[in-house]
Every structure is written in C-alpha cells, then in structure tokens.
Amino acid sequence: LALVNVEGHLHPSDPKMARRLVEALEEKLVESQSKRRKVLGDSKSRIIEEAFEQLQKNFLEGAPDSDAIAKWMHAMERMTLPCGFYAQAKAIAIEGEEEPDRLWREFVVLGRSHGPSGRALKLLYVHGEKNRAALATSKKVYEGLLQDGEVDMSIVEIPTSGHFPFFDNPSEFWTVIDRWLREVIPSLSRL
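Computed from a predicted model, the values in this text were never measured in an experiment.

A. Summary view of the sheet that holds strand 1 (residues 2–6). Read across the sheet, three strands follow the order 1-2-3 without closing on themselves; strand pairing throughout is parallel. Among the strands making up the open sheet, the edge pair consists of strand 1 and strand 3 (153–158). Between one strand and the next, the sheet's axes are offset by a mean angle of 20°, whatever the strand orientation. Relative to strand 2 (residues 122–128), strand 1 is paired through five bridges, and the arrangement is parallel. Of the residues in strand 2, the one forming a bridge with Asn-5 is Tyr-125. Running over the sheet, helix 6 (residues 102–110) touches strand 1, strand 2 and strand 3 and is turned about 135° from strand 2.

B. Representation of helix 3 (residues 44–62) in the model. Spanning 19 residues, helix 3 covers 26 Å between terminal C-alpha atoms, matching the ideal 27 Å at 1.5 Å per step. Buried residues of helix 3: Ile-47, Ile-48, Ala-51, Phe-52, Leu-55, Gln-56 and Phe-59, and no others.

C. Fine view of helix 6. Within helix 6 the residues assigned to the buried category are Trp-104, Phe-107 and Val-108. Down the axis of helix 6, the buried side of the element spans an arc of 95°, and every buried residue falls inside it.

D. Representation of the pattern of salt bridges in the model. Within the structure shown, the criterion is met by five salt bridges. The partner of Glu-129 in a salt bridge is Arg-132, with the nearest N and O atoms 4.0 Å apart. Residue Arg-132 is classed as partly exposed on the basis of its relative accessible area, which comes to 42%. Between Arg-182 and Asp-178 there is a salt bridge, and its shortest N-O distance comes to 3.0 Å. Here the residue Arg-182 and the residue Asp-178 both occupy positions in helix 9 (residues 170–184), the gap between them amounting to four residues, near one helical turn. Residue class for Arg-182 comes out partly exposed when judged on its relative accessible area of 27%. For Asp-178, a relative accessible area of 37% gives the class partly exposed.

Rules of the game
- Residues numbered from 1 in each chain as written.
- Predicted model: local features only at pLDDT ≥ 70, side-chain atom pairs only at ≥ 80, totals over all residues.
- Heavy atoms only, no water.
- Pairing = 2+ DSSP bridges.
- Helix = DSSP H or I, 4+ residues; strand = E, 2+ residues; numbered from the N terminus.
- Axes fitted to C-alpha atoms, helices over the stretch in contact; angles between N-to-C directions.
- Contact = heavy atoms within 4.5 Å.
- Expected span 1.5 Å × (residues − 1).
- Buried < 20%, exposed > 50% of the residue type's maximum accessible area, 1.4 Å probe, protein only.
- Arc of directions from axis to C-beta.
- Salt bridge = Lys/Arg side-chain N within 4 Å of Asp/Glu carboxyl O.

Shown next as structure tokens:
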C-alpha cells in the first residue's frame, strides 16, 4: 500500500496561500456588502464568482510565463465552482488555525499504522525545487522522522518546478512516480 503527497497542505506553515485567498475574498465580500451592491441585490455567490474570476486573472498576470499557472487556471475554469474553491480554501485556512498539525499527524500515522493488511503505508512526499523554502518546515519534520526510522517515506524534489511539478516538469514528475511505485509495489515491475 502506498500514498503520494504532492505539495500537500499538511504542515501548519504550509497553507499560506489558502489563508491569503480567504482573507482577500472576505475583504471583497465586506467591501461589496458595504457598497451599493446591497441595493442591487448581488448575492454572496455572485460576489464570490467575481472574486474568483479576479483571482484567476491575478494569477495569470502575476506569472505570465508560467505554463503551470496557465494550466491550473484552465483546469479551474473547467472543473471548479467558485463557491467550492472558496469553501476548500477556507477549510484549509481554518484547519491550520484550529488544529494546525492534524493533517500532518494523520499523514505520518499512515506510514506507521498497521491496518487490516498488517502493513504500514509507504509514503512519498513530492515537491518542486522552486518551493524548497516554502516547504522547509514540513520537509525538516519529515526528514527528522526518516532519520528516526519511524516512517517509511521518501522525499523527492522535482527540478525546475514549483507548486505544480506535474505541470512544470511532467516528464521528471511521472518518472519519479513510476519509479517509486515500482519500488514499493513489486507487482507493478512486471507490467
């Protein structure tokens, strides 16, 4: 059994973007409610849609040469509802405030627990080279566990990539995933 975490928001220092997104959206909601929008009858969902559209525009303008950001925005347009995106970002931000290390602890427990199969999960933590500094806290904690031998986890940095290594450097990303899965699940090596 194996589990891959790609740039996941597991450690309390990681969900910074979610917090910023929620703060920006909530500011927009307060601003909109205090203006004449009340008179015009704009709903909260419409305000969230406008903020979501602005967020996408800001991401694209902030990284005009990033193929990864462009792909993410395209995927968001096709598969993400603005209210759902906001709810998820808010959940990540709240989780980080109320119980900051719960997700991280649960991820690590998966590498220790012995479920019905009697085996712990093998874990892979993948991050982009450009996010090395942002993920330093999580990576340090994970590396400490590896040194103690408490968890069966591999940590892999994908070169020339940021938060979306599967977009930034797909060839290297999928090579790493394939190689790791074949190591931890021997039956895959026969395919």
